[in-house]
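Chain by chain, the residues:
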Amino acid sequence: FFYDVTFEKPGGIPMPIIVEYTYSDGSTKRETFPAQVWRKNDKEVKKLIPSNKKIININLDPDLETADIDTSNNSWPQKQDESEFDKFKSKVKG
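Bear in mind the structure is a predicted one, so any value in this text is a computation, not a measurement. (Residues numbered from 1 in each chain as written. Predicted model: local features only at pLDDT ≥ 70, side-chain atom pairs only at ≥ 80, totals over all residues. Heavy atoms only, no water.)

Trainee: Help me understand the pairing of strand 2 (residues 17–23) in this model?
Mentor: Looking along a regular strand, one sees side chains alternate from face to face of the sheet. Taken across its 7 residues, strand 2 has 7 buried, putting it largely inside the fold. Alternating positions in strand 2 separate into two faces, Ile-17, Val-19, Tyr-21 and Tyr-23 on one and Ile-18, Glu-20 and Thr-22 on the other, with burial throughout. In terms of strand pairing, strand 2 meets strand 3 (residues 28–33) through 6 bridges, oriented antiparallel. Residue pairing in the sheet places Glu-20 in a bridge with Arg-30 of strand 3. The hairpin formed by strand 2 and strand 3 contains 4 residues between the paired strands, and Gly-26 there has a positive phi angle of roughly 95 degrees. Both strand 2 and strand 5 (residues 55–60) contribute to a ladder of 5 bridges, which runs antiparallel. Counted as the bridge partner of Thr-22 is Asn-57 from strand 5. (Buried < 20%, exposed > 50% of the residue type's maximum accessible area, 1.4 Å probe, protein only. Helix = DSSP H or I, 4+ residues; strand = E, 2+ residues; numbered from the N terminus. Pairing = 2+ DSSP bridges.)

Okay, structure coming up:
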């Protein structure tokens, strides 16, 4: 399996890219790309990820170690967060 992944940096501060891959067999692997990956292109970095197993989830900064304000775009496939209304409904139901 080969995965062509594009990492975007909407902010101004170059940070390392910490990635956790989850495979179809349930195992995981972490990989860290140093902040220097942004030196050639300050907006996006493309990486070709070779793998012997099928990747079912890619999660950026799984331990929230970097200065990322918007974590809603840190996973593939994108997580569907529970809306504020759904949270309120579940509280009211008990």
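Let's pick the thread back up.
Trainee: In this structure, what is going on with the sheet that holds strand 3? I would like to understand it.
Mentor: Judged by pairing direction, the sheet is antiparallel, and its 4 strands sit side by side in the order 3-2-5-6 without closing on themselves. Edge positions in the sheet fall to strand 3 and strand 6 (75–76), since each has one partner strand and no second.

Trainee: Got a minute to help me understand the pattern of salt bridges in this structure?
Mentor: With the rule as written, the count across this model stands at 4 salt bridges. Salt-bridge contacts for Lys-9 lead to Asp-42; the nearest nitrogen and oxygen are separated by 2.8 Å. One end of the pair, Lys-9, is in the loop between strand 1 (2–8) and strand 2; the other, Asp-42, is in the loop between strand 3 and strand 4 (44–50), and 33 residues separate them in sequence. Relative accessible area serves as the criterion here: at 40%, Asp-42 is assigned to the partly exposed category. In this structure, Asp-25 engages Lys-53 in a salt bridge whose closest nitrogen and oxygen atoms are separated by 3.4 Å. Here Lys-53 lies in the loop between strand 4 and strand 5 and Asp-25 lies in the loop between strand 2 and strand 3, a separation of 28 residues in the sequence. Connected through salt bridges with shared partners, the residues Glu-20, Arg-30 and Asp-63 form a single ionic network. (Salt bridge = Lys/Arg side-chain N within 4 Å of Asp/Glu carboxyl O.)

Trainee: What exactly am I supposed to notice about unusual backbone geometry here?
Mentor: In most cases, non-glycine residues show a negative phi, while peptide bonds are predominantly trans. For the peptide bond that leads from Trp-76 to Pro-77, omega is -10 degrees, which places it in the cis range. Within the element layout of this structure, Pro-77 appears in the loop between strand 6 and helix 1 (84–93). The phi torsion at Asp-61 lies on the positive side, around 50 degrees, for a residue other than glycine. Structurally, Asp-61 can be placed in the loop between strand 5 and strand 6. Since its relative accessible area comes to 6%, Asp-61 is described here as buried. Even without being a glycine, Leu-64 presents a positive backbone phi close to 55 degrees. With respect to the helices, strands and loops of the structure, Leu-64 is situated in the loop between strand 5 and strand 6.

Just distances and angles here, no functional claims.
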